[in-house]
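Analysis of the macromolecular model
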Amino acid sequence: LEAAGIPLQWGHDPAHVAGPPPPDRLAVTKALTAVSPDHPELVAARQAGVPLEPWQQVVADAAVGRTLVAVAGTHGKSTSAGWLVHLLERAGADPSAFVGALLPPALTGGLPATARRGSGDSFVVEADEYAGNFDPYRPAIALMTTVDWDHPDVFADRDAVVAAFERWIRRARGVGERRPTLVANVGDAGVAELVARLRDWDGDLVAVAIGKPPAQPLRTRAGPGRAISGRVTAADPAGTTIEIHGLARAGDAPLTVRLSTAGRHNAANALGVAAVAGALGIPRTAIVDGLASFEGVGRRLERKGEARGVAVYDDYGHHPTAIRETIAAIRQREPGRRVWAVYEPLTYHRTAALLDDFADALATADAVAVADIWAGRDTDTTVASPARLADAVVARRPDVPIGSPGSVDATAEWLAGQVRTGDAVLVMGGGRSYRIGERLLELLEAR
């Protein structure tokens, strides 16, 4: 940005907002407005009459005039959004995008970035449900990956999460004479519950699922929905093969696609991406190519390297469901290895509310390390602790190595003395957890 002549301010100052002249508007993250509503820059904006708005509104404004495709859900939205952008770019559709993970440099003009500016009709966004972050988006096509209870500081239970997604979907807008379309992974229980609530919705439904298609026809007020099903036919360290039924005309042969990704959850992500691409009119051959050539986005089962026979992976997983699925995926990717689950809990309130579920998920690994909790927007740090989570894992798996060494750097140091040749270390979390894998590799290489 600085090389392009765009000035950056490394720090906060009310003068940034007061002017002269004051900005037309101030875009801000809800993580700040929720925790620090009296932040000096926010106060200065109010005093100067500068409108405050979520930064998602800036993205929504940039998408005006395009076909807005929103990828939503508790898990899988970053991977699915990045996968869709990759597929559309390979198909020559030249999409614009704003997603929640680093896209590969080939998609963004030479540097890893979360945004892409294209000349095509489609604009892909990752739509986050936290505190209504997705409210500015009125998608023509929405992909719903999963619906699970998360953000307990905002949602009391899963029913509250489902209700939030329902309200959002009902505000979707079609393009021209076309109705809005929902591509829903009904293989997920929460998404199936959401779809059941939308029987009186005026949009079109495309129901996707790994396994058997829905037993009962799914429909909205617009009529019966389409069903697209997938089947995993092979899974090995190099990837996963799936067979897709129902993507094309009735009677057409199923599509067989070899994915380079691992895990059943990624097979479901691929199916949703294929359905959205089909709704956008992408040819079947281009869909197969885009699914098969995708290698992933940043911090999603990303292999960081190997040193002294220890393979190190990094992942953004910070929910029990994501942790469980990612551990299963690394077992596919690294069969026969002892798997370490190394977790930096993201926020105290999430850790406290889901502690038993976190312990159950981490206990599926062969060894566990729990780093200090990343507070994020939390102000109450008394409701949970890494030691409490580690103790809960010990209660389930007293036979495996388990520790809570402290900071991310202390955790890396501790791991360097615990791992052995043949191990696979899976680091997960949201704050500075990525540093654990980087530092561990440095320590092992220095031996």
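Residues numbered from 1 in each chain as written. Predicted model: local features only at pLDDT ≥ 70, side-chain atom pairs only at ≥ 80, totals over all residues. Heavy atoms only, no water.

Focus on the overall build of the protein chain
Each helix and strand counted, the protein chain has 16 helices and 20 strands in total. Its C-alpha atoms give the protein chain a radius of gyration of 22 Å, within 12% of the compact-globule value 22 Å for 447 residues. Dimensions of the protein chain along its principal axes, counting C-alpha atoms only, are 65 × 65 × 45 Å. For the protein chain, the proportion of its 447 residues judged to be buried stands at 51%. Long-range pairs, those at least 24 residues apart, make up 67% of the contacts in the protein chain between residues at least 6 apart in sequence. Counting only carbon and sulfur atoms, one obtains 51% of the accessible surface of the protein chain, whose full area is about 19100 Å². Each charge sign in the protein chain was given a centre, from 47 positive and 53 negative side chains, and these centres are 5 Å apart. (Helix = DSSP H or I, 4+ residues; strand = E, 2+ residues; numbered from the N terminus. Rg over C-alpha atoms; globule rule 2.2 N^0.38 Å. Buried < 20%, exposed > 50% of the residue type's maximum accessible area, 1.4 Å probe, protein only. Contact = heavy atoms within 4.5 Å. Areas by Shrake-Rupley, 256 points an atom, 1.4 Å probe, with all protein chains shown as cover. Lys, Arg positive; Asp, Glu negative; His and termini not counted. Charge placed at Lys NZ, Arg CZ, Asp CG, Glu CD.)

Digging into the packing of aromatic side chains
In this structure the tally under the stated criterion is 6 aromatic pairs. Here Phe134 and Phe165 contribute two aromatic rings whose centre-to-centre distance is 5.7 Å and whose plane-to-plane angle is 65°, an arrangement assigned as edge-to-face. Of this pair, Phe134 sits in the loop between strand 6 (122–127) and strand 7 (141–144) while Phe165 is found in helix 7 (residues 158–169), placing the two residues 31 residues apart along the sequence. Judged by its relative accessible area of 2%, Phe134 falls in the buried class. (Phe/Tyr/Trp six-rings, centres within 6.5 Å; stacked < 30°, edge-to-face > 60°.)

Overview of the layout of surface pockets
Each pocket or cavity is described by its volume, and for the second largest pocket that value is around 250 Å³. Lining the second largest pocket are 17 residues, and of these Ala63, Val64, Arg66, Leu68 and Arg138 lie nearest its centre. Listed by contribution, the elements that provide at least two residues to the lining of the second largest pocket are helix 4 (55–62) and strand 3 (67–72). Ranked by residues supplied to the lining of the second largest pocket, first place goes to helix 4 with 3 residues. Here the lining of the second largest pocket is composed, by residue class, of 9 nonpolar, 4 polar and 4 charged. (1 Å grid on protein atoms, 1.4 Å probe; cavity = no way out; pocket = protein on both sides within 12 Å on 5 of 7 lines; lining within 4 Å. Points joined across faces, edges and corners; volume = space filled by probe spheres on them. Nonpolar A, V, L, I, M, F, W, Y, C, P; charged D, E, K, R; others polar.)

Description of helix 8 (residues 189–196)
Among the residues of helix 8, those classed as buried are Gly190, Val191, Leu194 and Val195. The buried side chains of helix 8 occupy one side of the element, clustering within an arc of 140° when seen end-on. On the buried face of helix 8, the contacting elements are strand 7, helix 7, strand 8 (181–185) and strand 9 (204–210). At the N-terminal boundary of helix 8, the capping side chain belongs to Asp188, with an oxygen 3.1 Å from the backbone nitrogen of Gly190. (Arc of directions from axis to C-beta. Polar contact = N/O pair within 3.5 Å; in protein donor to acceptor, adjacent residues only side chain to side chain.)

Overview of a nonpolar patch on the surface
A surface patch of nonpolar side chains, about 490 Å² in accessible area, is lined by Leu1, Ile6, Leu8 and Trp10. With respect to the element layout, Leu1 can be found in the segment before helix 1 (15–18). Here Leu1 falls in the exposed class, since its relative accessible area comes to 64%. (Patch = residues over 30% accessible without salt bridge, like charges linked within 9 Å, V, L, I, M, F, W, Y side chains within 5 Å. Salt bridge = Lys/Arg side-chain N within 4 Å of Asp/Glu carboxyl O.)

Points about the pattern of salt bridges
Using the criterion set out here, one finds 34 salt bridges in the structure. Its salt-bridge partner being Arg299, residue Asp314 comes within 2.6 Å of it at the nearest N-O pair. With Asp314 in strand 16 (residues 310–315) and Arg299 in the loop between helix 10 (284–293) and strand 15 (302–307), this pair connects stretches of sequence that are 15 residues apart. Overall, Arg299 belongs to the buried group, its relative accessible area being 15%. The salt bridge partner of Arg396 is Asp356, with a shortest N-O separation of 3.5 Å. In this pair, Arg396 sits in helix 14 (residues 386–396) while Asp356 sits in helix 13 (residues 355–362), placing the two residues 40 residues apart along the sequence.

Here's the deal with the sheet that holds strand 16
Taken in spatial order, the 6 strands line up as 15-16-20-17-18-19 in an open sheet, and their pairing is mixed. The open sheet has two edge strands, strand 15 and strand 19 (402–406), and neither has a second partner. Looking at each pair of strands side by side, their axes are set apart by 20° on average, direction ignored. Here helix 16 (residues 434–446) sits on the sheet in contact with strand 15, strand 16, strand 17 (338–344), strand 18 (367–371) and strand 20 (423–429), set at roughly 20° to strand 15. (Pairing = 2+ DSSP bridges. Axes fitted to C-alpha atoms, helices over the stretch in contact; angles between N-to-C directions.)

Quick notes on the side chain of Ser78
Looking at where Ser78 falls in the secondary structure, it is placed in helix 5 (residues 77–90). Reaching out from Ser78, the side chain makes a polar contact with the side chain of Glu126 at a distance of 2.8 Å. Beyond its immediate sequence surroundings of up to four residues, Ser78 is in contact with Gly100, Ala101, Glu126, Val297 and Arg300.

As for the side chain of Thr145
Here Thr145 lies in the loop between strand 7 and helix 7. Among the polar contacts listed, one links the side chain of Thr145 to the backbone oxygen of His75, at a separation of 2.5 Å. Residues in contact with Thr145, not counting those within four places in the same chain, are Val71, Ala72, Gly73, Thr74, His75, Gly76, Lys77, Ser80, Asn185, Asp188, Val191 and Asn269.

Points about the sheet that holds strand 13 (residues 239–245)
Here we have 10 strands laid out as an open sheet, ordered 5-4-6-3-7-8-9-12-13-14, and mixed in their pairing. The two strands at the open ends of the sheet, each matched to only one other strand, are strand 5 (113–116) and strand 14 (255–259). In this sheet, neighbouring strand axes are inclined to one another by 20° on average, regardless of whether the strands run parallel or antiparallel. Inspection of the sheet shows strand 7 paired to strand 8 by 4 bridges, in the parallel sense. Within the sheet, the bridge partner assigned to Met144 lies in strand 8 and is Ala184. In the packing of helix 9 (residues 264–279) onto the sheet, the strands contacted are strand 3, strand 7, strand 8, strand 9, strand 12 (226–236), strand 13 and strand 14, and the crossing angle to strand 9 comes to about 150°.

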